[in-house]
Amino acid sequence: MNRPLTGCTLSGSFDHVATDFAPIVASLRYQASALGLNVISNNNDAMGVALSFEFTTTRTRSVSCDIAKWSDAARPTSITENIIQAACGIMSVHGRVSGEPRPLGLQYVSTLTGALALQGCFAAALGQLRGLSVTSSNISVASAALLSMAQYIAGATAAETPETILPESISHPAAPPFMSSDGFCFELETLDVEPWQRFWAQFGISSAVSGKGWNAFLLRYAKAISPLPDELASALTNHTYQHISEICARTGMSICPLRSVKERQQDEHFMHEWVQGPWAFEFRPSFNSRNTIKKAENKLPLSGVTVIESCRRIQGPLAGHLLALLGAEVIRIEPPGGDPLRGMPPMADGCSVRFDALNRLKTIREVDIKSSAGKAEIKELVRYADVFLHNWAPNKAAQLGLDYSDFVDLNPALIYAYAAGWSTNGSADPFLNSIPGTDFMTQAYSGVARKISQACGTRGGSLFTVLDVLGGVIAAQGATAALLKKDLDNVGGKVTSSLLSAATLLCIDDFPDFDVLNTHVNSESVINGVFATQHGKIAIECPDRNAVYRLVDALGMTSEPDVAGFQQHLESLLLSRTAEEWRLILERANVPVAHVVEDLTVLQNQIRLQQQLSSDSYTKVMSPWSFK
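Summary of the structure given here. Computed from a prediction, not measured in an experiment: that's the story for all the values here.

Looking only at helices and strands, the protein has 25 helices and 23 strands in total. Here the protein, with 628 residues, has 60% of them falling under the buried criterion. When the accessible surface of the protein is split by element, carbon and sulfur atoms take 48% of a total near 23,600 Å². Separation of charge centres in the protein, based on 50 positive and 61 negative side chains, amounts to 5 Å.

Another aspect to go through is the sheet that holds strand β20 (residues 593-595). Pairing in this open sheet of three strands is antiparallel, and the strands run β18-β19-β20 from one edge to the other. Because the sheet does not close on itself, it has two edges, and the strands there are β18 (527-532) and β20. Strand-to-strand, the axes of this sheet are offset by a mean angle of 10°, without reference to chain direction. Pairing analysis gives three bridges linking strand β19 (residues 537-542) to β20, with the strands arranged antiparallel. When the sheet's bridge partners are listed, Ala539 is paired in β20 with Ala594. Across the sheet, helix α23 (residues 545-555) is in contact with β18 and β19; its angle to β19 comes to roughly 135°. On the sheet, helix α25 (residues 579-588) packs against β19 and β20 and is oriented at approximately 160° with respect to β20.

Glancing now at the pairing of strand β4 (residues 63-68). For strand β3 (residues 50-56) and β4, the ladder comprises six bridges, and the chain directions are antiparallel. Its bridge partner being in β4, Ser52 is matched across the sheet by Asp66. Connecting the antiparallel pair β3 and β4 is a turn made up of six residues. Relative to strand β5 (residues 137-140), β4 is paired through two bridges, and the arrangement is parallel. Among the inter-strand pairings, Ile67 is bridged to a residue of β5, identified as Ile139.

With that settled, consider the packing of helix α13 (residues 315-325) against helix α21 (residues 466-489). Running from amino to carboxyl end, α13 crosses α21 at an angle of 45°, the nearest separation of the two axes being 7 Å. Regarding the angle of α13 to α21, the classification is oblique. Read as a crossing pair, α13 and α21 show a hand that is right-handed. Residue-level inspection shows Gln315, Leu318, Ala319, Leu322 and Leu323 of α13 in contact with α21, the latter providing Asp468, Val469, Gly471, Gly472, Val473, Ala475, Ala476, Ala479 and Thr480. Class assignment of the residues belonging to the contact of α13 with α21 gives a composition of nine nonpolar, four polar and one charged.

It is worth spelling out the packing of α23 against α25 at this point. Helix-helix packing: each pair is described by the crossing angle between the helix axes and the interaxial distance. α25 packs onto α23 with a crossing angle of 125° between their chain directions and a minimal axis gap of 9 Å. Classified by the interaxial angle, the pair formed by α23 and α25 is oblique. The crossing of α23 and α25 is right-handed. Taking contact as the criterion, the partners of Leu551, Ala554 and Leu555 in α23 are, on α25, Trp582, Ile585 and Leu586. Of the residues contributing to the contact of α23 with α25, the split by class is six nonpolar, no polar and no charged.

Within β19, five of the six residues are buried, which leaves it mostly tucked inside the rest of the structure. The pairing of β18 with β19 spans six bridges and is classified as antiparallel. Bridging from a neighbouring strand, Gly529 pairs with Ile540 of β19. Where β18 hands over to β19, the hairpin turn is made up of four residues, of which Gly536 adopts a positive phi near 90°.

This part covers the state of the cysteines. Overall, the coordinates contain zero disulfides when judged by the stated rule. Unpaired in this structure, Cys185 has its nearest cysteine sulfur neighbour in Cys256, at a distance of 11 Å.

The next subject is the environment of Tyr418. By the element assignment, Tyr418 lies in strand β16 (residues 415-420). Overall, Tyr418 belongs to the buried group, its relative accessible area being 14%. Considering only alpha carbons, one finds Tyr418 and Leu389, 29 residues apart in sequence, at a separation of 5.9 Å. The contacts of Tyr418, once residues within four sequence positions are left out, are His390, Asn391, Trp392, Ala393, Pro394, Val495, Thr496 and Ser497. Here the side chain of Tyr418 touches Trp392 through a polar contact of 2.9 Å, landing on its backbone oxygen.

What counts and what doesn't
Residues numbered from 1 in each chain as written. Predicted model: local features only at pLDDT ≥ 70, side-chain atom pairs only at ≥ 80, totals over all residues. Heavy atoms only, no water. Helix = DSSP H or I, 4+ residues; strand = E, 2+ residues; numbered from the N terminus. Buried < 20%, exposed > 50% of the residue type's maximum accessible area, 1.4 Å probe, protein only. Areas by Shrake-Rupley, 256 points an atom, 1.4 Å probe, with all protein chains shown as cover. Lys, Arg positive; Asp, Glu negative; His and termini not counted. Charge placed at Lys NZ, Arg CZ, Asp CG, Glu CD. Pairing = 2+ DSSP bridges. Axes fitted to C-alpha atoms, helices over the stretch in contact; angles between N-to-C directions. Contact = heavy atoms within 4.5 Å. Parallel < 35°, antiparallel > 145°, perpendicular 65-115°, else oblique. Left-handed = near helix turned anticlockwise from the far one by under 90°. Nonpolar A, V, L, I, M, F, W, Y, C, P; charged D, E, K, R; others polar. Disulfide = S-S within 2.5 Å. Polar contact = N/O pair within 3.5 Å; in protein donor to acceptor, adjacent residues only side chain to side chain.

Below, the structure is given as structure tokens:
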């Protein structure tokens, strides 16, 4: 396997970290190992306020990284995965479909944080090679969480017709996934209305009803709700999964059952992908002299780097956005007339705020990539670029004549980054190549949807775009690692990541040989829940007995969780004060706690989050990194 950063080192007190940071370290170590880094755990005492480590290459000075809990790094409060999800609105968005805030049941923000921390180190090392004196890259867990929320925060705070979608305001629970008469839970997918209409017509559904359902089905990616007419789900419960699958095949719809993580492990290529990690790399000498490394143009480490991006939806545009936040010039290729998603409400200054949240830093070029002139224009741009990034459907690049092999002679030093849906090695199951590699289909196939369902008591996964966001982060991280390899070793190459490979990161504690990482995460907290208060909801998580004792003392309780009636006593007691009052009391007692944010417009008023948010025509999420 081609691991790009073999010879580089990541060192820190990884064996002696505070409980707050243990899930981050687990994901960090797996990602670092997959990239070829030598991971060294030293014996320094770990601080509880931040997680610190250093990244070193053969040609640069050490880059230090501090991962703080909040944007205000001085805040010493305890956190857990669920506390961050509560405080940054993730619980609220995930809970929209069920009518109440719910945790994802995944180490989601922890995984994002590890990936972003590594990417910041790679970018800083690149900055050194390009003439900058940068020696540190710092982020916070909260900044990673807010990054995942950028589109939803934009929609809630738009200057024109902002969206107000609170979990308790959702009166229509009908939403994917669907159920068959023989008990299969499954996802349906299509990117076009015609297969949708043909499919439902086979079950006797009128075009008016299926049309109403189509609008709701499309908006699930944007709003995390999908209020389908009752007739749709009811119609499918009268038929077997096999029969529904046959109708899908005839009408052009795609179907995928919600599989378990164990089923995922039985896939032919699973073990290869697990050992490989989230990326597949291939490199070749660029035959350029080392003195052609571009100099940085400002203090951001990727300034002067040129990225050509041809992406749609969320995963690819987010990857390009992250590279732009690091200083790269990102030239976004859109079809003549522009990307249709530019006009998707809510709007601000004539543009969709959701679209702007992922694309505001990019230069736009409208190109018909199917025409000869358009392809020639792309190739001319690529001739002088550092990265070409796309998330097209399988085989489309080859059909267009814009695959990696078409650019090698033109620009041997190019990094060709493919943000795929399914395979990173070109050998995906034929079944996968036949269905769209979208977020919700990948959740179903990978086991992530079932994992979420089992953890939080819902029927399926999440309509929060879990994998599109993580997939975008992984794609940008892989591209940055490849850029570093390029400047260290004078090579060009290709890096492929996928939504499926991103899903693997969310299941590392379920997969074989996890113990070789020497990082053990206790996923079963003693107390972990969302509670009603006199005003608002509060999330409390006690990962161990010591935290429980601090909670009991702070509340003046006389019993412990093992005693009958403890839960009822706790719930009753919490109703005596507001969520904000309890947050202050429990934070002083060092109990992981957060006021559950249900209204996303209040995020910009939270002192510990303000550094990451900028109020304009909508509230923008700023870069998660700071460099010194």
